[in-house]
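A closer look at the structure
Here is how the chains run, residue by residue.
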Amino acid sequence: MLTIIVLGIFSPAFLPYWPAAMLIGLAAGILSNMGWFRHWWKALLAGLIISVIASTASALIAMQIHGSIDLDPSYFLLKEPVDKTLIALVVFAAIQILPKWFVDRLPNGENVISDKE
């Protein structure tokens with residue numbers, strides 16, 4: 001949501017999309033607490049789930065703002081899933097390279113570190 005606020009300072013058109021950013025963060029937090037970032041394939045699925053949430057929320061907000069919905073298939077089937085899936089895999093990779101002592105100090109760190117030692 002902070003990103004949306006900062007972007008909104010320079011381009012106010014971003015501000016109405018704060019609920020989408022909130023839902024993305026909420027979904028990522030829930031999936032993380034469920035252990036979905038412990039394995040690469042679950043992180044990939046988490047990215048796809050988050051992309052469905054993000055694209056649906058963004059489409060509904062755009063419909064409220066513009067009075068109609070633009071169902072661009074490339075956005076729903078390519079841009080959003082690729083973006084969110086790549087981000088989820090980057091998060092997974094970043095978690096894997098963090099030292100174990102650091103991850104152990106994070107709240108619920110056990111939910112993100114893989115079983116392999």
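Definitions and limits used
Residues numbered from 1 in each chain as written. Predicted model: local features only at pLDDT ≥ 70, side-chain atom pairs only at ≥ 80, totals over all residues. Heavy atoms only, no water. Helix = DSSP H or I, 4+ residues; strand = E, 2+ residues; numbered from the N terminus. Buried < 20%, exposed > 50% of the residue type's maximum accessible area, 1.4 Å probe, protein only. Contact = heavy atoms within 4.5 Å. Lys, Arg positive; Asp, Glu negative; His and termini not counted. Charge placed at Lys NZ, Arg CZ, Asp CG, Glu CD.

Considerations on the overall build of the protein chain
- When helices and strands are tallied, the protein chain shows five helices and zero strands.
- Walking the protein chain from its N terminus toward its C terminus, one meets helices and strands in the order α-α-α-α-α.
- Taken along the three principal axes of its C-alpha coordinates, the protein chain extends 50 × 30 × 20 Å.
- Within the protein chain, the fraction of its 117 residues that count as buried is 30%.
- Taking the intrachain contacts of the protein chain between residues at least 6 apart in sequence as the baseline, contacts between residues at least 24 apart amount to 54%.
- Within the protein chain, one finds 7 positive and 8 negative side-chain charges whose respective centroids are separated by 7 Å.

Here's the deal with the environment of Ser 58
- For Ser 58, the position within the fold is in helix α3 (residues 40-66).
- Residues contacting Ser 58, with those up to four places away along its chain left out, are Tyr 17, Ala 20 and Tyr 75.

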